[in-house]
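Read off the chains here:
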Amino acid sequence: MESIEDTLGRLREAFRTGRTRPAEFRVAQLQGLARFLQDNKQLLYEALAQDLHKSAFQSDLSELILCQNEVDQALKNLHAWMKDKPVAKNLLVQLSSTFIRKEPFGLVLIMAPWNYPVNLTLVPLVGALAAGNCVVLKPSEISWGTQKVLAEVLPRYLDQNCFAVVLGGPEDMEKFLKHKFDYIFFTGSPRVGKIVMAAAAEHLTPVTLELGGKNPCYVDDDCDPQNVANRVAFFRYFNAGQTCVAPDYILCSPKTQERLVPALQVAITRFYGEDPRSSPDLGRIINEKHFQRLQGLLGCGRVVIGGQSEESDRYIAPTVLVDVQEMDPVMQEEIFGPILPIMNVRSLDEALDFINRQEKPLSLYAFSNSSQVVNQVLHRTSSGSFSGNEGFLHLTLPSMPLGGVGHSGMGRYHGKFSFDTFSNHRACLLSSLGLEKFQEIHYPPYTEWKKWLIRWALSYRSCTLL
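Here the structure is a predicted model, which means the values were calculated and not measured.

**What about the sheet that holds strand β1 (residues 85-86)?**
So, step 1. The strand order across the open sheet built from three strands is β1-β2-β18, with neighbouring strands paired in antiparallel fashion. With partners counted over all chains shown, the strands left at the sheet margins are β1 and β18 (423-430), one partner each.
So, step 2. The pairing of β1 with strand β2 (residues 97-104) spans two bridges and is antiparallel. Across the sheet, K85 pairs through a bridge with I100, a residue of β2.

Structure follows, in structure tokens:
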């Protein structure tokens, strides 16, 4: 078995040869990734069912189709993305060519999570390959069924001189991160994100950190409680709540809570039946450790919906908690499970004050019939993404970036944002060794005329990209 050092050396040497830079090579890699998705659908369905109890339809909806869309967009737009971008000039460089060239960083490390183990592994990979990098891919060892497919099957579809999959747990990764990479892309918890960032700092390696956090959901008194309940329940309990952008808790008045709780019960029964455990559309908790953690959170506040669990099946029923206090454990950590706490506030101002006292979230949600209320929440808060009267459907759009701010992460990806993330934006100026008389304008000694001319030339900017 090849050592980590040999793997990294092999990939670095391939990058130095320029092998990954031509558009034709990048296209071939993206086409290989598309074939992997098409040829191995059944294998991926089985792995996702094994890891997270996902149905084939849910696997398509949240994993495979989104990956294929990213590949298709990259193939369609790659040549346009790769083109040099001309920029405006001042008079000092009017006769020169000025542009931005997007070049690959080199050797990229992508560290993926377990909750959407295909989507959150392959979508950043699309951007890294499109940008012309060599890639080391580290799938999560927790979603071990999907990890097996990615490790054993995916490399057959890509150039193995420029791509590798590495496996291991937390101890292995700490050793692995001691090596130098040219870019690191990490998706996971803020706790591990800090470890990754500290390791990257040793080599001054740039990073994208896609982290999580507690995503607030404000529900205004002026709303249709059933419409709100339908949307919140769908996005909260999708993938058994194991979604980094899912609504994490509700802020609403006691009056709205009285109307919302029975509406949530109606929505949960409608979506998952009288016995949610038997529903093919409700996932399972990824492993025993996370199951035990979530069971501990069920003791917070008061259970008004759900609360049932079955350890042998890693099943936790869609649950709603009320009488929750700010200092309860369920409000101190990202829940990442099918538990929805409701905290009471007396007004929109109190809700916004609470939101702004917390770390900046990855996503934020507001529900109201009043566009003024929704816009107030948008204008007076900060988050990686924002949705008014909707859930996280923005994740289905390659035209929209996914990324956090502050504690919820840095950097962004999806579509062209992925290509730009994995590219060095190189400022380029090409001039001629002739026309020296024009160059002499900015050489000393400086007469009063030269001073005036240089100041004027620096102040003037052309209005075209010639």
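**Things to note about the environment of E13**
So, step 1. Mapped onto the elements, E13 comes out in helix α1 (residues 4-16).
So, step 2. For the pair E13 and P262, spaced 249 residues apart in sequence, the C-alpha separation works out to 62 Å.

**Side note on the pattern of salt bridges**
So, step 1. Here the structure, examined in full by the defined rule, presents 23 salt bridges.
So, step 2. Between E152 and K148 there is a salt bridge, with its nearest N and O atoms 3.2 Å apart. Note that E152 and K148 are positioned in helix α6 (residues 144-152) at a spacing of four residues, about one turn of the helix.
So, step 3. Overall, the relative accessible area of 44% leaves E152 in the partly exposed class.
So, step 4. Residue K148 is classed as partly exposed on the basis of its relative accessible area of 44%.
So, step 5. In the salt-bridge network here, residues are joined through shared partners; they are K102, K416 and D420.

**Re the pairing of β2**
So, step 1. Here eight bridges tie β2 to β18, and the two strands are oriented antiparallel to one another. The residue bridging F99 from the neighbouring strand is C428, located in β18.

**Observations regarding the environment of L340**
So, step 1. With respect to the helices and strands, the residue L340 is situated in strand β14 (residues 339-344).
So, step 2. On the basis of relative accessible area, L340 is assigned to the buried category, the value being 0%.
So, step 3. Taking C-alpha positions, L340 is 16 Å from F392, a pair spaced 52 residues apart along the chain.

**Things to note about the environment of G299**
So, step 1. Within the secondary structure layout, G299 lies in the loop between α11 (288-297) and β10 (302-305).
So, step 2. On the accessibility criterion, G299 (64% relative accessible area) is exposed.
So, step 3. Distance from G299 to A14, taken between C-alpha atoms, is 54 Å for residues 285 residues apart in sequence.

**Looking at a nonpolar patch on the surface**
So, step 1. A grouping of F57, L61 and F234 is seen on the molecular surface, where their side chains present a nonpolar patch of about 290 Å² in accessible area.
So, step 2. Examined against the element boundaries, F57 turns out to sit in helix α4 (residues 56-82).

**With respect to the side chain of S383**
So, step 1. Tracing the backbone shows S383 in the loop between α13 (371-379) and β16 (385-388).
So, step 2. A distance of 2.7 Å separates the side chain of S383 from the backbone oxygen of S385, its partner in a polar contact.
So, step 3. Not counting residues up to four positions away in its chain, the partners in contact with S383 are P361, L362, S363, L364 and V405.

**Observations regarding the pairing of β14**
So, step 1. Of all the six residues making up β14, five are buried; the element is thus mostly covered by neighbouring parts of the structure.
So, step 2. Pairing between strand β9 (residues 249-252) and β14: three bridges, direction parallel. Looking at β14, one finds that I250 is bridged to I342.
So, step 3. Where strand β13 (residues 319-322) and β14 come together, three bridges link them in parallel fashion. Bridge pairing links T319 to I339 in β14.

**What to know about the nonpolar core**
The tendency in soluble globular proteins is for nonpolar side chains to be buried as a group.
So, step 1. Core analysis: the largest hydrophobic core is formed by 84 residues, its most contacted members being F36, L122, L125 and L154.
So, step 2. The biggest single contributor to this core is helix α5 (residues 119-130), with eight residues.
So, step 3. Setting aside anything within four residues of it in sequence, one finds L122 in contact with L33, F36, L37, C67, L150 and L154.
So, step 4. Core analysis: the second largest hydrophobic core is formed by 28 residues, M331, I335, L364 and V377 among them.

How each quantity is defined
- Residues numbered from 1 in each chain as written.
- Predicted model: local features only at pLDDT ≥ 70, side-chain atom pairs only at ≥ 80, totals over all residues.
- Heavy atoms only, no water.
- Pairing = 2+ DSSP bridges.
- Helix = DSSP H or I, 4+ residues; strand = E, 2+ residues; numbered from the N terminus.
- Salt bridge = Lys/Arg side-chain N within 4 Å of Asp/Glu carboxyl O.
- Buried < 20%, exposed > 50% of the residue type's maximum accessible area, 1.4 Å probe, protein only.
- Patch = residues over 30% accessible without salt bridge, like charges linked within 9 Å, V, L, I, M, F, W, Y side chains within 5 Å.
- Areas by Shrake-Rupley, 256 points an atom, 1.4 Å probe, with all protein chains shown as cover.
- Polar contact = N/O pair within 3.5 Å; in protein donor to acceptor, adjacent residues only side chain to side chain.
- Contact = heavy atoms within 4.5 Å.
- Core = buried A, V, L, I, M, F, W, Y, C linked by side-chain atoms within 4.5 Å.

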